[in-house]
Amino acid sequence: MIVKFYDEINDELLKFAVIVAKSENKWVFCKHKERTTYEIPGGHREAGETIRETAERELREETGAVEFDMKQVGVYSVKTEENETFGMLFAAEIFLFEDIHSEIESILITDDLVEQWTYPLIQPRLLEEAIRRGF
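The present account deals with the structure reproduced in this document. (Residues numbered from 1 in each chain as written. Predicted model: local features only at pLDDT ≥ 70, side-chain atom pairs only at ≥ 80, totals over all residues. Heavy atoms only, no water.)

1. Overview of the packing of aromatic side chains
Next, step 1: A full pass over the atoms with the stated rule returns three aromatic pairs.
Next, step 2: Geometrically, the ring pair formed by W27 and F135 is edge-to-face, given 6.4 Å between the ring centres and 65 degrees between the ring planes. Remark: F135 occurs in the segment after α2 (123-132) and W27 occurs in strand β3 (residues 26-32); sequence separation between them is 108 residues.
Next, step 3: Since its relative accessible area comes to 10%, W27 is described here as buried. (Phe/Tyr/Trp six-rings, centres within 6.5 Å; stacked < 30°, edge-to-face > 60°. Helix = DSSP H or I, 4+ residues; strand = E, 2+ residues; numbered from the N terminus. Buried < 20%, exposed > 50% of the residue type's maximum accessible area, 1.4 Å probe, protein only.)

2. Points about the environment of V3
Next, step 1: Relative to the assigned elements, V3 resides in strand β1 (residues 2-6).
Next, step 2: Separated by 131 residues in the primary sequence, V3 and G134 place their C-alpha atoms 19 Å from one another.

3. Comments concerning the environment of N10
Next, step 1: Among the secondary structure elements, N10 is positioned in the loop between β1 and β2 (14-23).
Next, step 2: When the C-alpha positions of N10 and F86 are compared, they lie 9.8 Å apart, and in sequence the two are 76 residues distant.

4. Some thoughts on the pattern of salt bridges
Next, step 1: Under the definition given, this model contains 11 salt bridges.
Next, step 2: A salt bridge links R35 to E39; the nearest nitrogen and oxygen atoms lie 3.3 Å apart.
Next, step 3: The partner of R132 in a salt bridge is E129, and the shortest N-O contact between them spans 2.7 Å. Of this pair, R132 and E129 both sit in helix α2, three residues apart, roughly one helical turn.
Next, step 4: With a relative accessible area of 60%, R132 lands in the exposed category. (Salt bridge = Lys/Arg side-chain N within 4 Å of Asp/Glu carboxyl O.)

5. Concerning a nonpolar patch on the surface
Next, step 1: A surface patch of nonpolar side chains, amounting to about 260 Å² of accessible area, comprises V66, F95 and L96.
Next, step 2: Summarising the element assignment, L96 is placed in strand β6 (residues 84-97).
Next, step 3: Residue L96 is classed as partly exposed on the basis of its relative accessible area of 39%. (Patch = residues over 30% accessible without salt bridge, like charges linked within 9 Å, V, L, I, M, F, W, Y side chains within 5 Å. Areas by Shrake-Rupley, 256 points an atom, 1.4 Å probe, with all protein chains shown as cover.)

6. Some details on helix α1 (residues 51-63)
An α-helical turn contains 3.6 residues, so a residue and the one three or four places further along point in the same direction.
Next, step 1: In this model α1 runs 18 Å from its N-terminal to its C-terminal C-alpha over 13 residues, within 8% of the 18 Å that 1.5 Å per residue would give.
Next, step 2: Where the residues of α1 are buried, they touch β2, β3, β4 (42-44), β5 (65-79), β6 and β7 (104-110). (Expected span 1.5 Å × (residues − 1). Contact = heavy atoms within 4.5 Å.)

7. Brief notes about the pairing of β5
Next, step 1: Here β1 pairs with β5 via five bridges, running antiparallel. The partner of K4 across the bridge, within β5, is S77.
Next, step 2: Pairing geometry for β5 and β6, over 13 bridges, is antiparallel. Of the residues in β6, the one forming a bridge with V78 is T85.
Next, step 3: The loop that links β5 with its antiparallel partner β6 comprises four residues. (Pairing = 2+ DSSP bridges.)

8. Considering unusual backbone geometry
Next, step 1: In the Ramachandran plot, E24 falls in the positive-phi region, its phi being about 50 degrees despite a non-glycine side chain.
Next, step 2: The topology assignment puts E24 in the loop between β2 and β3.
Next, step 3: Relative accessible area serves as the criterion here: at 68%, E24 is assigned to the exposed category.
Next, step 4: Even without being a glycine, N25 presents a positive backbone phi close to 65 degrees.
Next, step 5: Locating N25 in the fold gives a position in the loop between β2 and β3.
Next, step 6: Relative accessible area serves as the criterion here: at 60%, N25 is assigned to the exposed category.

Bear in mind that shape data such as this cannot, by itself, settle questions of function.
As structure tokens, then:
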């Protein structure tokens, strides 16, 4: 599996949005109800959504964020032997949360990066790229 980064790509190829998030200068991670690991908020683009709308929806659904600033970081891809999928990486500063109403059990707000990643070959690379690009 290879994770690559691009400055831009044809919008119709973007299938995912991932949002590296902080609140009060601490990292925000999600824990899915069916897993014991943590992940960066994000998910699949739905029909009719812009990729930014996907990112905003996923951030709200997975963290309970109701007030936040979000910026686009860049395009990424995950390439396997079978295919290559593309997504947009965002960075967000969350100012206000409400209760979560989704498949997410809880969020973790921490000074430290998690060690138990749901997607250990992908999400740490996305986080590193967001940091490299100034987040």
